[in-house]
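Structure at a glance
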Amino acid sequence: MTAHHPIAIVGAGLGGLTLARVLHLRGVEAAVFDLEASPDTRTQGGMLDIHDDSGQEALRAAGLHEEFRALVHRGGEAMRILDKDAVVRMDEPDDGDGERPEIDRGDLRDLLLGSLPEGTVRWGAKVTGARPLGDGRHEVTLADGAAFTTDLLVGADGAWSRIRTLVSDAVPVYSGVSFVEADLREADVRHPVSAEVVGGGLLFALGAGKGFLAHRETDGSLHVYAALRVAEDWLDSVDFTDTAAAKAAVLEHFADWHESLRALVGDADGALVPRRIHALPVGHRWERVPGVTLLGDAAHLMSPFAGEGANLAMLDGAELGLALAAAPGEPEAALAAYEERLFPRSEKSAAESAANAVLLFRDDAPQGLLDAFAVWR
């Protein structure tokens, strides 16, 4: 027989887990399905700054704010802005105000996972499709041939969401920026020059159409993003299985940059990881479709240049959970109320992200970012 779940969440990222946790706290159980074989299948990325008015609000709703505070990276809010000649244009220490503390993404995900009853997340459950059955119910099919039905389906399954097609024809498009990610491990001991360049928190080293973004992680390593305004197919021209050749291809774009900045890629440990930056249209929204909604990147994928992606995903999950718990037996009213707040909030952040992508890599970079911080302060 086909299994049935009153509430099914596709995707065990930060947004989907926050939703499951907020519901659980209020006595509403949900089943979460994730394509990863286990929670340890892959590393969860670098550091996240969790904003007081979004991500931290979600953690308060999830009853996890104190536990979160115990995991933050002390000193991680420090920030430096350099130009391509490694001249320091701004250097701000972490003043400890806690408005945007940094945390390792993996630690945050583990915190959320550990707060859920065992068995909430079904690992190795790759969703291949979903179809409406009427009256708001849906059938979801999995890669192993299994299927389940649900009264309420939530797509928390990221940029290339399988659930999005139930409500929208929109697809992510290339933003014009590609990242190449690198890691420098045990930086203070093995890469002291790079450790000094990055400092204790976040680094922006910017020039026209390119730059290095980097942050210090809690284990003492540095996570680096070489950002390039390049054609969508440029990454395909680089053989990332040959790390030396990949480093050379990336550093060709930084030939006239200071050696201390080039070393952020040149001295990297391990393979480089290519990543195209995609985004959904700013203002993406949909008409109310019974029994289904989206959250996080599935709803509003944007570039990372406003630092809002994880924060909004968690806030989406918290607000959806609160709306559902406050309207038992009235899921459509809850979904409508949730989406009414979701759409304008995500449109504002997506517009900011798109604007920042232009500002960061202007011809006079890093002046645009410096001017922006002068206004923000």
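The coordinates are above.
Everything quoted here is computed from the prediction, not taken from an experiment. (Residues numbered from 1 in each chain as written. Predicted model: local features only at pLDDT ≥ 70, side-chain atom pairs only at ≥ 80, totals over all residues. Heavy atoms only, no water.)

**A short note on the overall build of the protein chain**
For the protein chain, the helix and strand inventory stands at twelve helices and 16 strands. In terms of its C-alpha atoms, the protein chain occupies a principal-axis envelope of roughly 60 × 45 × 35 Å. A sequence separation of at least 24 residues applies to 71% of the contacts in the protein chain between residues at least 6 apart. Carbon and sulfur atoms make up 51% of the accessible area of the protein chain, which totals about 16200 Å². Here the protein chain carries 34 positive and 61 negative side-chain charges, and the mean point of each set is 1 Å from the other. (Helix = DSSP H or I, 4+ residues; strand = E, 2+ residues; numbered from the N terminus. Contact = heavy atoms within 4.5 Å. Areas by Shrake-Rupley, 256 points an atom, 1.4 Å probe, with all protein chains shown as cover. Lys, Arg positive; Asp, Glu negative; His and termini not counted. Charge placed at Lys NZ, Arg CZ, Asp CG, Glu CD.)

**Focus on the sheet that holds strand β15 (residues 269-279)**
An order of β5-β4-β12-β13-β14-β11-β15 is seen for the seven strands of this open sheet, with the pairing classed as mixed. Looking at strand neighbours, the two that pair on one side only are β5 (88-92) and β15, the edges of this open sheet. On average, adjacent strands in this sheet sit at an angle of 15° to one another, irrespective of strand direction. Across four bridges, the pairing between strand β4 (residues 79-82) and β5 is antiparallel. Bridge pairing in β5 links Ile81 to Met90. Running over the sheet, helix α7 (residues 243-251) touches β11 (173-184), β14 (222-229) and β15 and is turned about 50° from β15. (Pairing = 2+ DSSP bridges. Axes fitted to C-alpha atoms, helices over the stretch in contact; angles between N-to-C directions.)

**Regarding the nonpolar core**
Of all hydrophobic cores here, the largest spans 61 residues; its most connected members are Ile9, Phe68, Leu108, Leu153, Ile163 and Leu320. Setting aside anything within four residues of it in sequence, one finds Leu153 in contact with Ala8, Val10, Ala130, His138, Val140, Ile163, Leu166, Gly291, Val292 and Thr293. If you look at the next biggest cluster of nonpolar residues, it comprises 33 residues, including Val180, Ala195, Val265 and Leu272. (Core = buried A, V, L, I, M, F, W, Y, C linked by side-chain atoms within 4.5 Å. Buried < 20%, exposed > 50% of the residue type's maximum accessible area, 1.4 Å probe, protein only.)

**Describing the packing of aromatic side chains**
Applying the stated rule across the entire model yields eight aromatic pairs. Seen in terms of ring centroids, Phe179 and Phe305 are 5.9 Å apart; in terms of plane orientation they differ by 80°. Their pairing is edge-to-face. With Phe179 in strand β11 and Phe305 in the loop between α9 (297-300) and α10 (309-326), this pair connects stretches of sequence that are 126 residues apart. Since its relative accessible area comes to 9%, Phe305 is described here as buried. Note on Phe254 and Trp257: the rings are 5.0 Å apart at their centroids and 85° apart in plane angle, and the pair reads as edge-to-face. Judged by relative accessible area, which is 0%, Phe254 ranks as buried. (Phe/Tyr/Trp six-rings, centres within 6.5 Å; stacked < 30°, edge-to-face > 60°.)

**Section: the pairing of strand β1 (residues 3-10)**
Across seven bridges, β1 lies against strand β10 (residues 147-155) in parallel orientation. From the neighbouring strand, Ala8 faces β10, where its bridge partner is Leu153.

**Section: unusual backbone geometry**
For the peptide bond that leads from Ala365 to Pro366, omega is 10°, which places it in the cis range. When you line up the elements, Pro366 lands in the loop between α11 (331-360) and α12 (367-376). Look at Asp135: it is not a glycine, yet its phi comes out positive at around 55°. For Glu186, which is not a glycine, the phi torsion comes out positive at approximately 45°. Considering the arrangement of structural elements, one finds Glu186 in the loop between β11 and α5 (187-190).

**A look at the packing of helix α1 (residues 14-25) against α10**
With their axes 7 Å apart at the nearest point, α1 and α10 run at an angle of 25° to one another. Considering their axes alone, α1 and α10 lie roughly parallel with respect to each other. Pair α1 / α10 crosses with right-handed handedness. From α1, Leu14, Gly15, Thr18, Leu19, Val22 and Leu23 reach across to α10, where they touch Ala310, Ala313, Met314, Gly317, Ala318, Leu320, Gly321, Leu322 and Leu324. (Parallel < 35°, antiparallel > 145°, perpendicular 65-115°, else oblique. Left-handed = near helix turned anticlockwise from the far one by under 90°.)

**Section: the environment of Ala248**
If you trace the backbone, Ala248 turns up in helix α7. Take Ala248: its relative accessible area is 42%, and that puts it in the partly exposed class. Distance from Ala248 to Arg341, taken between C-alpha atoms, is 46 Å for residues 93 residues apart in sequence.

**Focus on the pairing of strand β13 (residues 210-216)**
Looking down a regular strand, the side chains alternate between one sheet face and the other. Counting buried positions along β13 gives seven out of seven residues, so the element sits mostly inside the fold. With burial as the criterion, each face of β13 is covered, one bearing Lys210, Phe212, Ala214 and Arg216 and the other bearing Gly211, Leu213 and His215. Examined bridge by bridge, strand β12 (residues 202-207) and β13 share six bridges and lie antiparallel to one another. By the bridge assignment for β13, Leu202 is matched with His215. What sits between the antiparallel neighbours β12 and β13 is a turn of two residues, in which Gly209 has the positive phi angle 75°. Examined bridge by bridge, β13 and β14 share seven bridges and lie antiparallel to one another. Among the inter-strand pairings, Phe212 is bridged to a residue of β14, identified as Ala226. Here β13 folds back onto β14 in antiparallel fashion, the turn holding five residues, of which Gly220 has a positive phi close to 90°.

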